[in-house]
Amino acid sequence: MANAKRMDGPSLHHPTTPDALRLDTATSTFRMLADPTRLHILWLLAQEPSDVTSLVQQTGAARTSVSQHLAKLRFSGLVTTQKESRRVVYSIADGHLTRLVMEGLNHADHKVTGEPTHG
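A brief report on the enclosed structure follows. Bear in mind the structure is a predicted one, so any value in this text is a computation, not a measurement.

1. Side note on the overall build of the protein
Right, so step 1: Looking only at helices and strands, the protein features six helices and two strands.
Right, so step 2: N-terminal to C-terminal, the α/β element order of the protein is α-α-α-α-α-β-β-α.
Right, so step 3: Put simply, the protein has 119 residues, and 24% of those count as buried.
Right, so step 4: Nonlocal contacts in the protein, meaning residues at least 24 apart in sequence, comprise 51% of its contacts between residues at least 6 apart.
Right, so step 5: Just so you have it, the protein exposes about 8500 Å², and 56% of that area is on carbon and sulfur atoms.

Okay, structure coming up:
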């Protein structure tokens, strides 16, 4: 049955009850999101793939800091890379992560602005 889902395209809903492995994996992802610079980088990559120079300019963080955060994100599987000539372009890993980042920041926007949340 799982193969039938794959033939129809990727699923946005996974009704499986979370087991220890899924909970640990999700916790690891949330840990990686728990840093403002990494979250900013992921938000930027959700908008478009970028290289280190562009991410440094957009975040205002030091190049070494951005490079270290990208290494952690890459090691954890949250970003991918593609070599374009001498330049390395980073991309967010998948749509689930993009939606998670966007929803987290939308939630924060409600908290900051006082706008009522929606169900």
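That covers the picture; the talk isn't over yet.
2. What about the environment of Thr53?
Right, so step 1: With respect to the helices and strands, the residue Thr53 is situated in helix H4 (residues 52-59).
Right, so step 2: Taking the relative accessible area as the measure of exposure, Thr53 reaches 35% and is therefore partly exposed.

3. Considering the pattern of salt bridges
Right, so step 1: Applying the stated criterion across every chain yields a total of three salt bridges.
Right, so step 2: A salt bridge links Asp19 to Arg22; the nearest nitrogen and oxygen atoms lie 2.8 Å apart.
Right, so step 3: The class of Arg22 is partly exposed, set by a relative accessible area of 44%.
Right, so step 4: Between Arg87 and Asp51 there is a salt bridge; the shortest N-O distance is 3.4 Å. Within this pair, whereas Arg87 is found in strand S2 (residues 87-92), its partner Asp51 is found in the loop between helix H3 (36-47) and H4, the two being separated by 36 residues in sequence.
Right, so step 5: Put simply, Asp51, Glu84 and Arg87 are held in one network by salt bridges that share partners.

Thresholds, definitions, all that
- Residues numbered from 1 in each chain as written.
- Predicted model: local features only at pLDDT ≥ 70, side-chain atom pairs only at ≥ 80, totals over all residues.
- Heavy atoms only, no water.
- Helix = DSSP H or I, 4+ residues; strand = E, 2+ residues; numbered from the N terminus.
- Buried < 20%, exposed > 50% of the residue type's maximum accessible area, 1.4 Å probe, protein only.
- Contact = heavy atoms within 4.5 Å.
- Areas by Shrake-Rupley, 256 points an atom, 1.4 Å probe, with all protein chains shown as cover.
- Salt bridge = Lys/Arg side-chain N within 4 Å of Asp/Glu carboxyl O.

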